[in-house]
Amino acid sequence: GAVVSQHPSWVICKSGTSVKIECRSLDFQATTMFWYRQFPKQSLMLMATSNEGSKATYEQGVEKDKFLINHASLTLSTLTVTSAHPEDSSFYICSANLVAPGMFLETQYFGPGTRLLVL
Amino acid sequence: KNEVEQSPQNLTAQEGEFITINCSYSVGISALHWLQQHPGGGIVSLFMLSSGKKKHGRLIATINIQEKHSSLHITASHPRDSAVYICAVYGGATNKLIFGTGTLLAVQP
């Protein structure tokens, strides 16, 4: 089946630094990828939709200058948390859409997630 | 009120029991996902369905579009089934997922 990877899986950083998280579709091309954030015991919250070759679409309340998204190729999207603060500590998950041959509905495949801890 | 509601929120079962998790939604949808999230955080898509019923191993998912309701069943439950099960729908005209709050399942040996 389709595989989505994320790197790193864990990151600890100091307050004020920037952290880049990569999301890759390993065996398919994804024109659309999604970035989610999940706090403990809560459901996923969509942060932004990443479109290959164009600007990301951010959800209401998500600062685009804080969470920079780049989707430079059909297999890679990156999320950069700029000037990270302790409140940015969370679990970040990406997903990629794939339309399987013979189907018209898209299926989302999720990455394993990245845990960010800002000290 | 959430657009996607799941019940129960927490469920404890004994190994071997038949388990049902319910999902109701209030928006028009094109498809519904059942997802599984293990304690490590990774999410696996179990099913995507837009009508009827799907079966994979011990898992069965059904959907009733008219009633805006879906169920996930686990037969002969096992401790390794312990996870959070999340219902998510593709709502309206977008390709964005709307998530339920999840059901925490614990299967005891």
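Our subject in this report is the structure included herewith.

Criteria and cut-off values
- Residues numbered from 1 in each chain as written.
- Chains lettered and ligands numbered in written order.
- Predicted model: local features only at pLDDT ≥ 70, side-chain atom pairs only at ≥ 80, totals over all residues.
- Heavy atoms only, no water.
- Patch = residues over 30% accessible without salt bridge, like charges linked within 9 Å, V, L, I, M, F, W, Y side chains within 5 Å.
- Areas by Shrake-Rupley, 256 points an atom, 1.4 Å probe, with all protein chains shown as cover.
- Salt bridge = Lys/Arg side-chain N within 4 Å of Asp/Glu carboxyl O.
- Helix = DSSP H or I, 4+ residues; strand = E, 2+ residues; numbered from the N terminus.
- Contact = heavy atoms within 4.5 Å.
- Buried area = accessible area lost by both parts, 1.4 Å probe.
- Polar contact = N/O pair within 3.5 Å; in protein donor to acceptor, adjacent residues only side chain to side chain.
- Nonpolar A, V, L, I, M, F, W, Y, C, P; charged D, E, K, R; others polar.

1. Regarding a nonpolar patch on the surface
Here is step 1: Together, Ile 12, Leu 117 and Leu 119 of chain A make up a nonpolar patch on the protein surface, roughly 300 Å² of accessible area in all.
Here is step 2: Position of Ile 12 of chain A among the secondary structure elements: in strand β2 (residues 10–13).

2. Section: the interface of chain B and chain A
Here is step 1: If you look at the interface, chain B gives 21 residues, while chain A gives 20 residues.
Here is step 2: For the pair chain B and chain A, the summed buried area comes to about 1,500 Å², and 57% of that belongs to carbon and sulfur atoms.
Here is step 3: If you look at where chain B meets chain A, you find zero salt bridges.
Here is step 4: Linking chain B to chain A there are two residue pairs in polar contact (both at pLDDT 80 or more).
Here is step 5: Elements with a minimum of two residues in the side of chain B that touches chain A: β4 (29–37), β5 (43–49), β9 (83–91) and β10 (97–99) of chain B.
Here is step 6: No other element matches β4 of chain B, which puts five residues into the side of chain B that touches chain A.
Here is step 7: Taken together, the residues of the side of chain B that touches chain A break down into nine nonpolar, eleven polar and one charged.

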